[in-house]
Protein chains: 4
Amino acid sequence: MAPPLPDFSDLRAVYVNGSLQYDAADSHTMRLIRRSAGIMRRQGVDVDVVHALDHEIAFGMVTDATEHGRPRDDWPGLQERIMAADILVLGTPIWLGEPSSVTALVIERMYAYSGERNDHGQYLYYGKVGGCIVTGNEDGVKACSKQLLYALQHIGYSIPPQADCGWIGEVGPGASYGDTVEGSDRPVGYDNDFTNRNTTIMTYNLLHLARLLRDAGGFPVGGNVADRWTEVPNAADQDPDPVGP
Amino acid sequence: MAPPLPDFSDLRAVYVNGSLQYDAADSHTMRLIRRSAGIMRRQGVDVDVVHALDHEIAFGMVTDATEHGRPRDDWPGLQERIMAADILVLGTPIWLGEPSSVTALVIERMYAYSGERNDHGQYLYYGKVGGCIVTGNEDGVKACSKQLLYALQHIGYSIPPQADCGWIGEVGPGASYGDTVEGSDRPVGYDNDFTNRNTTIMTYNLLHLARLLRDAGGFPVGGNVADRWTEVPNAADQDPDPVGP
Amino acid sequence: MAPPLPDFSDLRAVYVNGSLQYDAADSHTMRLIRRSAGIMRRQGVDVDVVHALDHEIAFGMVTDATEHGRPRDDWPGLQERIMAADILVLGTPIWLGEPSSVTALVIERMYAYSGERNDHGQYLYYGKVGGCIVTGNEDGVKACSKQLLYALQHIGYSIPPQADCGWIGEVGPGASYGDTVEGSDRPVGYDNDFTNRNTTIMTYNLLHLARLLRDAGGFPVGGNVADRWTEVPNAADQDPDPVGP
Amino acid sequence: MAPPLPDFSDLRAVYVNGSLQYDAADSHTMRLIRRSAGIMRRQGVDVDVVHALDHEIAFGMVTDATEHGRPRDDWPGLQERIMAADILVLGTPIWLGEPSSVTALVIERMYAYSGERNDHGQYLYYGKVGGCIVTGNEDGVKACSKQLLYALQHIGYSIPPQADCGWIGEVGPGASYGDTVEGSDRPVGYDNDFTNRNTTIMTYNLLHLARLLRDAGGFPVGGNVADRWTEVPNAADQDPDPVGP
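Residues numbered from 1 in each chain as written. Chains lettered and ligands numbered in written order. Predicted model: local features only at pLDDT ≥ 70, side-chain atom pairs only at ≥ 80, totals over all residues. Heavy atoms only, no water.

1. Considering the overall build of chain A
Inference 1: Check the secondary structure of chain A and you find five helices and six strands.
Inference 2: Counting helices and strands in the order they occur from the N terminus, chain A gives β-α-β-α-β-β-α-β-α-β-α.
Inference 3: Considered along the principal axes of its C-alpha atoms, chain A spans approximately 70 × 60 × 50 Å.
Inference 4: Sorting the 245 residues of chain A into buried and exposed places 67% on the buried side.
Inference 5: For chain A, the share of sequence-separated contacts (at least 6 apart) that also reach a separation of at least 24 residues comes to 76%.
Inference 6: Summing over all exposed atoms, chain A offers an accessible surface of approximately 8,300 Å²; the carbon and sulfur share of this is 46%.
Inference 7: Taking the average place of the 19 positive charges on the side chains of chain A and the average place of its 33 negative ones, the gap between the two points comes to 5 Å. (Helix = DSSP H or I, 4+ residues; strand = E, 2+ residues; numbered from the N terminus. Buried < 20%, exposed > 50% of the residue type's maximum accessible area, 1.4 Å probe, protein only. Contact = heavy atoms within 4.5 Å. Areas by Shrake-Rupley, 256 points an atom, 1.4 Å probe, with all protein chains shown as cover. Lys, Arg positive; Asp, Glu negative; His and termini not counted. Charge placed at Lys NZ, Arg CZ, Asp CG, Glu CD.)

2. Comments concerning the interface of chain B and chain A
Inference 1: At the junction of the two partners, chain B supplies 64 residues and chain A supplies 64 residues.
Inference 2: Interface area for chain B against chain A, summed over the two sides, is near 6,100 Å², with a carbon-plus-sulfur share of 62%.
Inference 3: Among the residues of chain B in contact with chain A, B:R34, B:Y150 and B:P240 are the three that bury the most area, contributing 11% of the side total.
Inference 4: Linking chain B to chain A there are four salt bridges.
Inference 5: Residue B:D241 is joined to A:R31 by a salt bridge in which the shortest nitrogen-to-oxygen separation is 3.8 Å.
Inference 6: The tally of links between chain B and chain A comes to 33 residue pairs in polar contact (both at pLDDT 80 or more).
Inference 7: Elements represented by at least two residues in the side of chain B that touches chain A include exactly α1 (28-42), α4 (141-155) and α5 (193-215) of chain B.
Inference 8: The dominant element in the side of chain B that touches chain A, judged by the number of residues it contributes, is α5(B), at 12 residues. (Buried area = accessible area lost by both parts, 1.4 Å probe. Salt bridge = Lys/Arg side-chain N within 4 Å of Asp/Glu carboxyl O. Polar contact = N/O pair within 3.5 Å; in protein donor to acceptor, adjacent residues only side chain to side chain.)

3. Comments concerning the relation of the copies chain B and chain A
Inference 1: Once chain B is rotated about the relating axis by 180° and shifted along it by 0.0 Å, it coincides with chain A to within an RMSD of 0.0 Å. Such a combination of rotation and displacement between the chain copies is what one expects of a two-fold axis. Nearest to the rotation axis, the C-alpha of B:I159 is located 2.5 Å from it, this being the minimum over chain B. (Least-squares fit on C-alpha atoms with pLDDT ≥ 70 in both.)

4. Points about the interface of chain D and chain A
Inference 1: Each partner contributes residues to the interface: chain D has 21 residues there, and chain A has 21 residues.
Inference 2: Taken over both partners, the interface formed by chain D and chain A buries close to 1,700 Å², and the fraction arising from carbon and sulfur atoms is 54%.
Inference 3: Here chain D is connected to chain A by four salt bridges.
Inference 4: With a shortest N-O distance of 2.7 Å, D:K142 and A:E138 are connected by a salt bridge.
Inference 5: For the side of chain D that touches chain A, the leading source of residues is helix α4 (residues 141-155) of chain D, giving four residues.

5. Structural notes on the side chain of A:D139
Inference 1: Relative to the assigned elements, A:D139 resides in the loop between β5 (129-135) and α4 (141-155).
Inference 2: For A:D139, which is buried and forms no salt bridge, the nearest opposite charge comes from D:K142, at a distance of 4.6 Å.
Inference 3: Within the structure, the side chain of A:D139 is placed 2.6 Å from the backbone nitrogen of D:G140, a separation counted as a polar contact.
Inference 4: At 3.1 Å, the side chain of A:D139 forms a polar contact with the backbone nitrogen of D:V141.
Inference 5: The residues touching A:D139, leaving out its near neighbours within four places in the chain, are A:I94, A:G97, A:I168, D:D139, D:G140, D:V141, D:K142, D:A143 and D:I168.

6. Some remarks on the pairing of strand β1 (residues 12-17) of chain B
Residue and element names in this part refer to chain B.
Inference 1: Across the six residues that make up β1, a large majority, five, are buried.
Inference 2: Direction of pairing for β1 relative to strand β2 (residues 46-51): parallel, over a ladder of six bridges. Along β2, the bridge assignment pairs N17 with H51.
Inference 3: In this fold, β1 hands off to α1, which returns the chain to β2; that crossover is right-handed.
Inference 4: Both β1 and strand β3 (residues 87-95) contribute to a ladder of five bridges, which runs parallel. (Pairing = 2+ DSSP bridges. Right-handed = clockwise from strand over helix to strand, strands pointing away.)

7. Topic: the relation of the copies chain D and chain A
Inference 1: Superposing chain D onto chain A takes a rotation of 180° plus a shift of 0.0 Å along the axis, which leaves an RMSD of 0.0 Å.
Inference 2: When you check the interface residues of chain D against chain A, 100% turn up at the interface there too, and the contact is symmetric in its surfaces.

8. As for the pattern of salt bridges
Inference 1: Applying the stated criterion across every chain, the model contains 64 salt bridges over all chains.
Inference 2: A salt bridge links C:R72 to C:E56; the shortest N-O distance between them is 3.7 Å. Here C:E56 lies in the loop between β2 (46-51) and α2 (75-83) and C:R72 lies in the loop between β2 and α2, a separation of 16 residues in the sequence.
Inference 3: Of the residues examined, C:R72 reaches a relative accessible area of 42% and is grouped as partly exposed.
Inference 4: Its relative accessible area of 43% is what places C:E56 among the partly exposed residues.
Inference 5: The salt bridge involving D:D46 is made with D:R12; its shortest N-O contact spans 3.6 Å. Taken together, the residues span a long stretch of sequence, with D:D46 in strand β2 (residues 46-51) and D:R12 in strand β1 (residues 12-17) at a distance of 34 residues.
Inference 6: For D:R12, a relative accessible area of 40% corresponds to the partly exposed category.
Inference 7: Salt bridges linked by common partners bring A:D10, A:D86, A:R211, A:R214 and A:D215 together as one network.

9. Some details on the confidence of the model for chain A
Inference 1: Across chain A, pLDDT averages 95, with 98% of residues at or above 70.
Inference 2: In the predicted complex, the global pTM is 0.97; the interface-specific ipTM is 0.97. (pLDDT = per-residue confidence, 0-100.)

10. Thoughts on helix α2 (residues 75-83) of chain D
Residues and elements named next belong to chain D.
Inference 1: Every buried residue of α2 is accounted for by W75, L78, Q79 and I82. Seen along its axis, α2 keeps its buried residues to an arc of 105°; they face one direction.
Inference 2: Packing partners of the buried residues in α2 comprise β1, β2 and α3 (101-111). (Arc of directions from axis to C-beta.)

11. Quick word on the side chain of A:K146
Inference 1: Among the structural elements, A:K146 can be located in helix α4.
Inference 2: In this view, A:K146 contacts B:K146, B:Q147, B:Y150, D:L96, D:G97 and D:E98; residues no more than four positions away in its chain are not counted.

12. A word on the packing of aromatic side chains
Inference 1: Per the counting criterion, the structure on display carries 26 aromatic pairs over all chains.
Inference 2: Summarising the aromatic geometry, the rings of A:Y125 and A:Y157 are spaced 5.5 Å apart at their centres and angled 20° between planes, so their arrangement reads as stacked. You can see A:Y125 sitting in the loop between α3 (101-111) and β5 and its partner A:Y157 sitting in the loop between α4 and β6 (164-167), a full 32 residues away along the chain.
Inference 3: A network of ring pairs unites the aromatic residues A:Y123, A:Y126 and A:F219 as a single cluster.
Inference 4: The ring of C:Y22 carries A:R70 above its face, with NZ or CZ at 3.4 Å from the centroid. (Phe/Tyr/Trp six-rings, centres within 6.5 Å; stacked < 30°, edge-to-face > 60°. Lys NZ or Arg CZ within 6 Å of the ring centre and 35° of its normal.)

13. Overview of the state of the cysteines
A disulfide bridge is the covalent bond that connects two cysteines by way of their sulfur atoms.
Inference 1: Tallied over the full model, the rule gives zero disulfides over all chains.
Inference 2: With no disulfide of its own, D:C132 has D:C165 as its nearest cysteine by sulfur position, at a separation of 7.2 Å. (Disulfide = S-S within 2.5 Å.)

14. Section: the packing of α4(A) against α4(B)
Inference 1: The contact between α4(A) and α4(B) brings their axes to 9 Å, and the two run at 100°. Between α4(A) and α4(B), the angle falls in the class roughly perpendicular. Within the contact between the two elements, α4(A) uses A:K142, A:S145, A:K146, A:Q147, A:L149, A:Y150, A:Q153 and A:H154 and α4(B) uses B:K142, B:S145, B:K146, B:Q147, B:L149, B:Y150, B:Q153 and B:H154.
Inference 2: The residue makeup of the contact of α4(A) with α4(B), split by class, is four nonpolar, eight polar and four charged. (Axes fitted to C-alpha atoms, helices over the stretch in contact; angles between N-to-C directions. Parallel < 35°, antiparallel > 145°, perpendicular 65-115°, else oblique. Nonpolar A, V, L, I, M, F, W, Y, C, P; charged D, E, K, R; others polar.)

15. Let's talk about the packing of helix α3 (residues 101-111) of chain B against α4(B)
Residues and elements named next belong to chain B.
Inference 1: Their axes nearest at 11 Å, the elements α3 and α4 cross at an angle of 10°. Relative to α4, α3 is oriented roughly parallel. Each of T103, I107, M110 and Y111 in α3 lies in contact with α4, whose residues at this interface are L148, A151, H154 and I155.
Inference 2: The class makeup of the residues in the contact of α3 with α4 is six nonpolar, two polar and no charged.

16. Notes on α3(A)
Inference 1: Burial analysis of α3(A) places 11 of its 11 residues in the buried class, which makes it a mostly covered element.
Inference 2: Among all positions in α3(A), only A:S101, A:V102, A:T103, A:A104, A:L105, A:V106, A:I107, A:E108, A:R109, A:M110 and A:Y111 are buried.

17. Quick word on unusual backbone geometry
Residue and element names in this part refer to chain A.
Inference 1: The phi torsion at L96 lies on the positive side, around 55°, for a residue other than glycine.
Inference 2: Looking at where L96 falls in the secondary structure, it is placed in the loop between β3 (87-95) and β4 (98-99).
Inference 3: Note on L96: relative accessible area 8%, which makes it buried.

18. Details of the environment of A:M110
Residues and elements named next belong to chain A.
Inference 1: Relative to the helices and strands, M110 is located in helix α3.
Inference 2: Note: C-alpha distance between M110 and A151 (41 residues apart in sequence) is 9.7 Å.
Inference 3: When sequence neighbours within four positions are dropped, the list of residues in contact with M110 reads W75, Q79, I82, L88, Y125, I155 and Y157.

The following block contains the structure:
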């Protein structure tokens with residue numbers, strides 16, 4: 001028998017949906033987000049869900065665009081919600097095989113804070129855990145996940161195993177996740193075992209790794225403080241050259 | 001002051017170099033691998049380095065190609081070396097912006113084992129930690145890293161923050177990592193602070209996360225056993241539909 | 001001696017810059033765009049340059065967002081400028097190895113028209129020619145070009161050889177294209193032969209292919225009319241199965 | 001009524017299948033290749049099909065590995081077959097969202113010739129036309145196509161509109177193209193209209209563009225001869241700087 005699950009109830013998670021639908025109720029990606037978020041809530045996790053297009057987010061590699069001449073920028077408030085969470089899950093629809101522009105915008109704005117440091121002097125997002133949810137009707141879950149998970153680990157997130165999940169149908173345009181189609185009384189994708197299994201596994205893996213890092217007091221410090229990497233045995237000290245003949 | 005580094009000396013790491021050079025001494029990527037491996041050795045880690053083209057690896061999504069009619073297949077022995085290690089670092093050169101064919105071959109062969117399970121019933125590679133090293137002369141470190149880190153997490157590896165490092169020069173063909181060029185008495189890239197810093201940070205982050213997972217007895221079990229995901233609150237149980245009007 | 005260049009003076013080109021800078025004068029990508037556009041103007045081509053952030057473009061997979069409840073959407077006017085041109089060049093900065101969100105937005109809006117047809121019944125953009133210009137300070141010209149060129153050919157553009165160009169510096173953050181740095185009296189990248197050569201070649205190749213297609217009356221018709229593909233010998237008619245034993 | 005199709009019967013095409021199956025009869029990708037090739041043959045085109053794993057191709061960025069110490073290298077013969085054709089279609093299966101290692105190997109070996117020039121002094125592959133065919137059971141047609149089409153255009157191929165086609169099933173592992181499954185008397189994917197339409201359109205678009213380029217005596221010369229780009233108005237001559245205040 002599997003060991004009992006750890007207590008996750010002190011953890012916080014935020015989902016950010018990069019849907020191109022201004023109304024969250026129209027987003028297919030939001031449906032799968034709700035399934036992952038539902039598991040977290042069942043585990044007592046404090047879950048926050050951001051529908052990016054409910055907000056007016058400025059473009060630009062800045063932390064607050066109102067300081068750079070824009071009349072409005074809702075990003076700083078969203079950044080606080082992201083910083084308050086142990087876990088971040090990015091959700092995106094697929095268009096032409098890529099994540100949405102809204103998702104790209106979210107990543108850019110998070111990246112603009114990457115010059116900041118956490119309490120240990122590590123990059124800002126160290127100690128947090130990331131995953132992604134991708135839906136479309138045709139192709140591209142892996143291609144989008146590659147981009148999203150890469151961006152998250154690059155700015156400091158840790159990525160547990162199988163940290164992506166999603167749904168697409170057979171090649172070609174067609175129904176999206178949760179659409180109802182003639183001849184079936186169940187919305188498309190809702191009963192797909194592969195999607196449900198991977199969504200479940202991703203969700204628990206995010207919780208497990210967040211638990212480990214929270215209990216460790218964040219991502220362990222040593223050799224990974226940006227401005228102090230020369231204080232430990234480091235790459236510049238090591239001999240790169242092959243042994244000669 | 002930073003806390004003292006944990007003891008990493010019971011850990012094992014394997015580097016697999018997907019260079020297109022049959023002779024490891026000709027591989028530029030091997031030079032940067034040696035720098036990361038050097039740090040690990042300084043920390044007492046047992047380090048194994050595989051130069052893939054020293055071996056004759058068969059093509060195919062099989063665990064042992066000699067059971068499928070091929071006269072020779074060195075992969076099963078390499079798989080044992082990968083399985084013996086807590087940490088895997090894939091090294092690749094960049095060609096046309098992509099990882100090498102040899103690297104793709106290594107990933108395919110590892111993926112062919114993905115139907116197997118570890119002692120906890122999780123996917124085979126759960127509990128291990130992965131990173132990558134990418135070198136080229138022109139462009140593509142991030143594009144290659146995206147592919148390699150995605151593949152590793154997809155089959156069960158955990159990915160710490162900033163798990164990739166590499167070197168490229170200014171756009172266009174030119175010298176590769178470690179080449180000597182006229183007008184400089186130092187090989188190209190050896191003194192690049194960005195590369196040395198990221199290589200250092202990646203190496204320590206791999207060690208830290210491997211330490212955490214080793215001490216936890218592997219990646220925590222629960223909700224992530226492939227064939228038992230329905231025994232926990234799971235995605236299929238959660239309501240995906242938005243609250244109605 | 002090379003043959004004289006054809007007369008290109010009846011052609012029209014549009015460049016769309018997906019910079020994250022609201023002020024076009026701050027865009028590094030715009031500098032390289034100006035070099036390609038300058039060649040076209042020297043050949044008598046009618047050149048239009050769009051700085052996307054000069055406009056308020058709505059999100060969404062729609063042709064005109066004001067018909068879907070948005071208060072403003074400048075896209076339809078931009079779409080007209082794109083449709084008026086034989087040649088489209090997308091320009092983008094690189095962030096985290098990807099094209100900008102603004103560029104993604106431009107592609108999404110163009111894609112939203114892909115249900116429309118041209119005068120021959122082909123997809124809307126058939127007969128047009130596409131390329132891209134990518135600048136950053138660190139890495140990702142090829143990764144971005146892959147996405148942009150793929151998107152363009154997918155919706156109907158023809159792609160000539162070497163249809164991308166760009167500039168990045170040595171790995172790591174640093175100066176961007178056109179920045180002035182201490183110790184040099186020439187802006188960064190301006191004298192890079194690789195960038196200047198590829199920009200030149202891309203520009204002429206776009207012109208040559210646009211010339212051929214204009215003279216042919218558009219992309220030749222036959223077997224490529226979306227709704228009439230079954231009227232010619234087609235894939236469904238062909239035997240996919242290998243000859244049996 | 002559509003105009004009659006041009007006469008394509010003087011054209012030559014080569015398909016290169018990067019399947020991981022040593023026996024071509026086991027390749028699912030080969031089934032879709034056969035459908036595209038069948039259309040070409042119906043148009044009188046001389047079609048050559050290479051199953052890469054029928055050959056022993058050495059690794060390495062060299063034109064002939066036997067000149068670099070390898071005991072055998074079948075590539076030079078394959079390169080001749082590629083050079084004999086106006087049209088190249090690369091076929092690949094998808095593994096972990098990427099093209100196969102064999103396909104990567106084929107591209108590397110073609111790229112190794114990129115220092116050579118054609119009769120006009122242009123890069124070697126100028127005047128030729130390229131496309132791709134991708135099959136898998138789960139996800140990644142677009143991601144693979146991006147890589148393959150980018151590589152082809154980068155080394156000199158021209159890419160017509162919609163130059164990729166493929167088949168995948170609903171998300172998750174499952175049947176591959178041409179597999180027979182219980183409950184259906186038709187092999188999987190054979191009747192997929194989207195796949196058949198796109199395969200048809202790709203095939204005709206390759207023929208049309210090859211026809212245009214053959215009739216033009218190759219890709220037009222001017223501004224695109226690698227070593228003579230400074231003889232025309234070029235990028236280095238153009239002012240990159242925005243008009244000042």
